[in-house]
Amino acid sequence: MKATLVSFIDSSNIGDRLIAETLTDQLLTGIETKKYSYKLIEESQIQLNNRLIRRSKTHEIYYKYFRQLPLVKNLISKGKWIRSRRRMYDPTDIRNFEDALKQSDFLMIGGGNAIFDLSPATLSAQRFDQVVALANQHQLPIVVSSIGIGPFCTEKQKNAAITTLKKCDYVSFRDQRSLEYLENANHPAAYASVDPVFLLPELLPFEQLQAQKNAGERIGICVIDYRITGCSRKEYLYYLEEMKCLIQRLADAKKEILLFSSEVQDYETIETLYGMFLKNPQVNVVFVKDKEDLLDLYQSLNLVIGTRMHSMIVAVSQFVPIIGLSWQQKVIEMFKNLGLEEDVMAIEDWSNNRVQLLEKIDLKLANNQQELFRMKQCKEEMRTAFAVNYEMIQSLQQKLVTI
């Protein structure tokens, strides 16, 4: 069989790229697969940029003085959206993508936050629907695997997402909240699943990992550039101050702190934080540019305090205990999947939960061997929850054989 896979293969975020990799290795085993981005660019044509691109002075002025004004924010969002739509319709890219579809038995659209709108001025379902429409045009079956959708600002945005997903033959969602958008839409094959990156193979056997991490107090803190949430400057400065307080308390307790991110664009914020601890030997930065860097880092950590969702998903896949600092509903939903709701707290409630967070950190470090085993159990549960995707592929293969 042959498949065309559309996913976030061009993302600067390591977690997004790992989605396509794990779908190919774990779900599409034995199926010849061509990978494309949502911009319909083939994998071999994508040049990934792992450099930190700093914000311009103009952007800083906009962010500091104007972004919190709804009219200005929506106007800028609309302009960015119009510009991105123009890039969606390159005739050469579309022709090349259609050639791949003609040679495929089915299209898979895989993983990630596939459809969501943080501004009423955008309509992200259009990008998704372009891919779906091309497959429909060539009468190709469509399997959508473990995506997230939402949040939405308007009914129009939500309805557009539902409409395009109803054109797909099989759809699985990475969390229950995403599934709920489609549950009342009478889709015949919509299922709850989990993120495929949970299935990422572990670098070391569990027993070796246990021996290696005995009695350690090395903590990785994944720092997000909180400005991506659309927060005000005041909220961003609050986030920096709370992160500084957390790092200081842990460093004072002689914990070894490694600041990192699975998204290169977060390192501007990481540098700002690290600048506050240049003379503190307990605090260091690890620049993570690819999967190999991330996995190497995790072999030495006893705990990950995460903001980026995939920083925590990869941690679970490597049996590293996690605590989540949630900046979006998808992070909370991931902890619900794991049955670890008590181990995540919202960033905006940080100041009310400082003591609770520090107690939780101490507890996970003191019981690190039990926590490692707990992560091993979580990974097996996620593997079971992902199994519905294999069933979707098997069902599709059976249908194609009978045609």
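What you see is a predicted model, and the numbers here were worked out from it, not measured in a lab.

Procedures and definitions
- Residues numbered from 1 in each chain as written.
- Predicted model: local features only at pLDDT ≥ 70, side-chain atom pairs only at ≥ 80, totals over all residues.
- Heavy atoms only, no water.
- Buried < 20%, exposed > 50% of the residue type's maximum accessible area, 1.4 Å probe, protein only.
- Helix = DSSP H or I, 4+ residues; strand = E, 2+ residues; numbered from the N terminus.
- Arc of directions from axis to C-beta.
- Polar contact = N/O pair within 3.5 Å; in protein donor to acceptor, adjacent residues only side chain to side chain.
- Contact = heavy atoms within 4.5 Å.
- Salt bridge = Lys/Arg side-chain N within 4 Å of Asp/Glu carboxyl O.

Trainee: Just checking my understanding: could you explain helix 7 (residues 176-183) for this structure?
Mentor: Helical geometry note: an α-helix holds 3.6 residues per turn, so side chains three or four residues apart project in the same direction. Among the residues making up helix 7, those that are buried are Ser-178, Leu-179 and Leu-182. All buried residues of helix 7 project into a common sector of 100 degrees when viewed along the axis, lining one side. Sitting at the amino-terminal end of helix 7 is Asp-175, which places a side-chain oxygen 3.3 Å from the backbone nitrogen of Arg-177.

Trainee: So what exactly am I meant to see when it comes to the side chain of Ser-317 here?
Mentor: As for its position among the elements, Ser-317 is in helix 12 (residues 309-317). Its relative accessible area of 0% is what places Ser-317 among the buried residues. For Ser-317, the side chain forms a polar contact with the side chain of Gln-318, separated by 3.1 Å. Those residues in contact with Ser-317, other than ones at most four positions away along the chain, are Val-197, Phe-198, Leu-200, Glu-202 and Lys-379.

Trainee: Help me understand the pattern of salt bridges in this model?
Mentor: Opposite charge on two side chains permits them to pair, given that their charged atoms come into close proximity. A full pass over the atoms with the stated rule returns 21 salt bridges. Across the pair Glu-155 and Lys-158 runs a salt bridge whose closest N-O atoms are separated by 3.4 Å. With Glu-155 and Lys-158 both in helix 6 (residues 155-165) and 3 residues apart, this pair spans about one turn of that helix. Salt-bridge contacts for Asp-293 lead to Lys-289; the nearest nitrogen and oxygen are separated by 3.2 Å. Here the salt bridges share partners, and the residues they tie into one network are Glu-342, Asp-343, Lys-360, Lys-364, Glu-371 and Arg-374.

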